[in-house]
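Close look at the chain arrangement
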Amino acid sequence: GSNDVEMTDIAECVSLDTEVWKKESNGYLALPIKEIREGDILKGYQKDVIVKKVFPTKIKKSIRITTKSGKTIICSMDHKIPTQKGVVSFKQGLCVGDKVNVL
């Protein structure tokens, strides 16, 4: 749907040290995004996703989002985040007080 976050957004928009959940035979293993390889299966927001392509890194201005529970993510200002008002980026109006969906 139009609110899905595509892997191309993620490839360019989060810190390379951001941890994702890779599917293993006995569950999921947390690893930094810089260690993702083509063919890996990752835990997605709504379902598992297969990594089809790993893109070269790009440098972008970034922001740090910290949730009330203390979780943080460093991402670009145009990275889309699932919230109570839909999937939005900082440039599209993500602001302090929004409720974000986290794993």
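Residues numbered from 1 in each chain as written. Predicted model: local features only at pLDDT ≥ 70, side-chain atom pairs only at ≥ 80, totals over all residues. Heavy atoms only, no water.

Focus on the pattern of salt bridges
Under the definition given, this model contains five salt bridges. A salt bridge links K23 to D48, with the nearest nitrogen and oxygen atoms 3.5 Å apart. One end of the pair, K23, is in strand β1 (residues 19-24); the other, D48, is in strand β4 (residues 48-50), with 25 residues separating them in the sequence. As a salt-bridge pair, K85 and D98 come within 3.0 Å of each other at their nearest N and O atoms. Linking K85 in the loop between β7 (81-83) and β8 (86-88) with D98 in the segment after β8, this pair joins segments that are 13 residues apart in sequence. Beyond isolated ion pairs, a larger network of salt bridges with shared partners links K22, E24 and D40. (Salt bridge = Lys/Arg side-chain N within 4 Å of Asp/Glu carboxyl O. Helix = DSSP H or I, 4+ residues; strand = E, 2+ residues; numbered from the N terminus.)

Some points on the confidence of the model for the chain
Parts of the model with low pLDDT should not have their predicted coordinates read in detail. When the pLDDT values of the chain are averaged, the result is 81; 86% of them are 70 or greater. Contacts for the low-pLDDT stretch residues 1-11, under 50 throughout, to residues beyond four places or in other chains number 13 contacts. (pLDDT = per-residue confidence, 0-100. Contact = heavy atoms within 4.5 Å.)

Quick look at the environment of T83
Tracing the backbone shows T83 in strand β7. On the basis of relative accessibility, which here comes to 8%, the residue T83 falls in the buried class. Sequence separation of T83 and D98 is 15 residues, and the distance between their C-alpha atoms is 6.6 Å. Setting aside anything within four residues of it in sequence, one finds T83 in contact with V88, L94, K99, V100 and N101. (Buried < 20%, exposed > 50% of the residue type's maximum accessible area, 1.4 Å probe, protein only.)

Here's the deal with the nonpolar core
By size, the foremost hydrophobic cluster in this structure holds 13 residues, and its most contacted members are V20, I36, L42, I65, C75, I81 and L94. If we skip the residues at most four places from it in the chain, V20 touches L29, A30, L31, I36 and L42. (Core = buried A, V, L, I, M, F, W, Y, C linked by side-chain atoms within 4.5 Å.)

Thoughts on the side chain of T18
Mapped onto the elements of the fold, T18 is located in the loop between α1 (7-13) and β1. By relative accessible area, T18 is classed as buried at 19%. The contacts of T18, once residues within four sequence positions are left out, are L31, P32, I33 and I74.

With respect to the environment of V51
Locating V51 in the fold gives a position in the loop between β4 and β5 (62-66). Among the residues examined, V51 registers a relative accessible area of 6% and is labelled buried. The sequence separation of V51 and R37 amounts to 14 residues, and the corresponding C-alpha distance is 7.0 Å. Once residues within four sequence positions are removed from consideration, V51 is found in contact with I36, R37, E38, G39, D40 and L42.

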